[in-house]
Amino acid sequence: MTDVPPLDLSSDVLALTRALVDAPSVSGSEEPLADAVEAALRGLGGLEVERVGNSVLARTSLGRPSRVVLAGHLDTVPIADNVPSDLREVDGLQRLYGCGTSDMKAGDAVMLRVAGRFGVPGAEPAHDLTFVFYDNEEVEAVKNGLGRVARERRGWLYGDLAILLEPTDGEIEGGCQGTLRARLETTGRRAHSARSWLGVNAVHGLASALATLAAYEAREVEIDGLTYREGLNAVGVSGGVAGNVIPDEASLTVNFRYAPDRDEDAAEAHVREVFAEALADGVTLTVTDNAGGAMPGLSEPAAAAFVAAVGRPARAKLGWTDVARFAAFGIPAVNYGPGDPQLAHTREEHVLVDRLQPAEDALIAYLSGSPA
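Residues numbered from 1 in each chain as written. Predicted model: local features only at pLDDT ≥ 70, side-chain atom pairs only at ≥ 80, totals over all residues. Heavy atoms only, no water.

Caption draft 1: Representation of the overall build of the protein chain. For the protein chain, the count of helices and strands is 10 helices and 19 strands. C-alpha extents for the protein chain along the principal axes are approximately 85 × 45 × 45 Å. Residue burial in the protein chain is summarised as follows: out of 372 residues, 52% are buried. Contacts in the protein chain between residues far apart in sequence, at least 24 positions, make up 78% of those at least 6 positions apart. Just so you have it, the protein chain exposes about 15900 Å², and 48% of that area is on carbon and sulfur atoms. The distance from the centre of the 32 positive side-chain charges to the centre of the 54 negative ones in the protein chain is 3 Å. (Helix = DSSP H or I, 4+ residues; strand = E, 2+ residues; numbered from the N terminus. Buried < 20%, exposed > 50% of the residue type's maximum accessible area, 1.4 Å probe, protein only. Contact = heavy atoms within 4.5 Å. Areas by Shrake-Rupley, 256 points an atom, 1.4 Å probe, with all protein chains shown as cover. Lys, Arg positive; Asp, Glu negative; His and termini not counted. Charge placed at Lys NZ, Arg CZ, Asp CG, Glu CD.)

Caption draft 2: Examining the domain arrangement of the protein chain more closely. Examined at the domain level, the protein chain breaks down into domain 1 (13-175 + 294-368) and domain 2 (178-291). Look at where the C-alpha atoms of domain 1 and domain 2 centre, and you get two points 37 Å apart. Taken together, the contact pairs 15 residues of domain 1 with 12 residues of domain 2. Overall, the association of domain 1 and domain 2 removes approximately 910 Å² of surface from exposure, summing both partners, and the carbon and sulfur fraction of that is 67%. Along the contact surface separating domain 1 from domain 2 lie zero salt bridges. (Domains from an automatic or database assignment. Buried area = accessible area lost by both parts, 1.4 Å probe. Salt bridge = Lys/Arg side-chain N within 4 Å of Asp/Glu carboxyl O.)

Caption draft 3: Seen up close, the nonpolar core. One finds L41, F131, I163 and F306 to be the most contacted residues of the largest nonpolar core, which totals 61 residues. If one sorts the elements of this core by residue count, helix 3 (residues 101-118) sits on top with nine residues. Built from parts of two domains, this core gets at least three residues from each of domain 1 (13-175 + 294-368) and domain 2 (178-291). Residues in contact with L41, not counting those within four places in the same chain, are L9, L47, V49, V56, A58, L112, A115 and F133. One finds L206, A209, V274 and A278 within the second-largest nonpolar core, a separate group that totals 21 residues. (Core = buried A, V, L, I, M, F, W, Y, C linked by side-chain atoms within 4.5 Å.)

Caption draft 4: Region of the structure containing the packing of aromatic side chains. Under the counting rule described, the total for this entry stands at four aromatic pairs. Pairing F306 with Y336 gives two aromatic rings, centres 5.4 Å apart and planes at 85 degrees, and the pair type is edge-to-face. With a gap of 30 residues between them, F306 in helix 8 (residues 301-310) and Y336 in the loop between strand 18 (333-335) and strand 19 (350-352) connect regions that are remote in the sequence. By relative accessible area, F306 is classed as buried at 1%. Using a relative accessible area of 4% as the deciding quantity, one classes Y336 as buried. Its guanidinium or amino end placed over the ring of Y97, R88 lies 3.7 Å from that ring's centre, counting from NZ or CZ. (Phe/Tyr/Trp six-rings, centres within 6.5 Å; stacked < 30°, edge-to-face > 60°. Lys NZ or Arg CZ within 6 Å of the ring centre and 35° of its normal.)

Caption draft 5: Local environment of helix 4 (residues 145-152). Within helix 4, burial applies to G145, L146, G147, V149 and A150. The inward-facing, buried residues of helix 4 contact strand 1 (48-52), strand 2 (55-59), strand 6 (128-134) and helix 9 (323-327). Where helix 4 begins, the capping side chain belongs to N144, and its oxygen is found 2.7 Å from the backbone nitrogen of L146. (Polar contact = N/O pair within 3.5 Å; in protein donor to acceptor, adjacent residues only side chain to side chain.)

Below you can see the structure in the form of structure tokens.
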């Protein structure tokens, strides 16, 4: 691994974003960048800094009546010939291209700029602040650095509001959906397809479940003024062993994206209720993955003040993010970052330069207790 040049937190947010993007940090190789982030934060002189693997934690301890946690992951998906960064104008707009620009090194740069503002001796933020830069978000959940912090340094994640700087194109996205995956399976009896009446077709046994999905009407629910739309869909199907054999096994994988007013048990109960007819006909259902969502908590004073500071209406987060880890601790959590989620993980990944400074300014205004 190559050492990362020292990070200058006094440089503007665009320059800092470029420096982060130019330091490759594909999942599992974040150590050099984590080292640079740790050194920069320790150099400020006003933060308690701790290292957990390749996650870097820093916080103020000023005795403020409230604490805000800012979190962002340092890793990226594999590079697609898009490092180092490339700044150019396209369609009249300045765009910074490169792996991680949108997801989420632009957000990390904003966090570092905030740390550079409030992490020095004599700074006067309106809230105590915690910064969490973590590793391995883009891979399987068991490796997720924020999960490791939650297990080993849970107290570092407590606060009155958590802001995850995932890409939201400069909008506030409250909470997140839960996600459940389940496998429905049927069995039958093999036979030659020329004498199909001698067998029982397992694929046909999924007909009731598929008809149920086709007729399913997704629920919409409003929480804190945000509308979450649920969805239950088939995402995979398998069955059959040869073109002349009646299949004796078949399975259907479904994904339920559910509003955060349901917990994991309620989500599973709903899915089982939806497929009650199929289950009565002998189909089995096995939940293979179930991660609860996060309530937006926008009625909480800290969250409401943040929405006011940004000056734009919040919207529901349609998808699962690590805000759910904070919600599990009863902490209101929102997603807010300058990147565009639709560009994440693409070869054309980039961030609009004019999204960067407004994101920093809104956070500074909120955290300083000043109007936006």
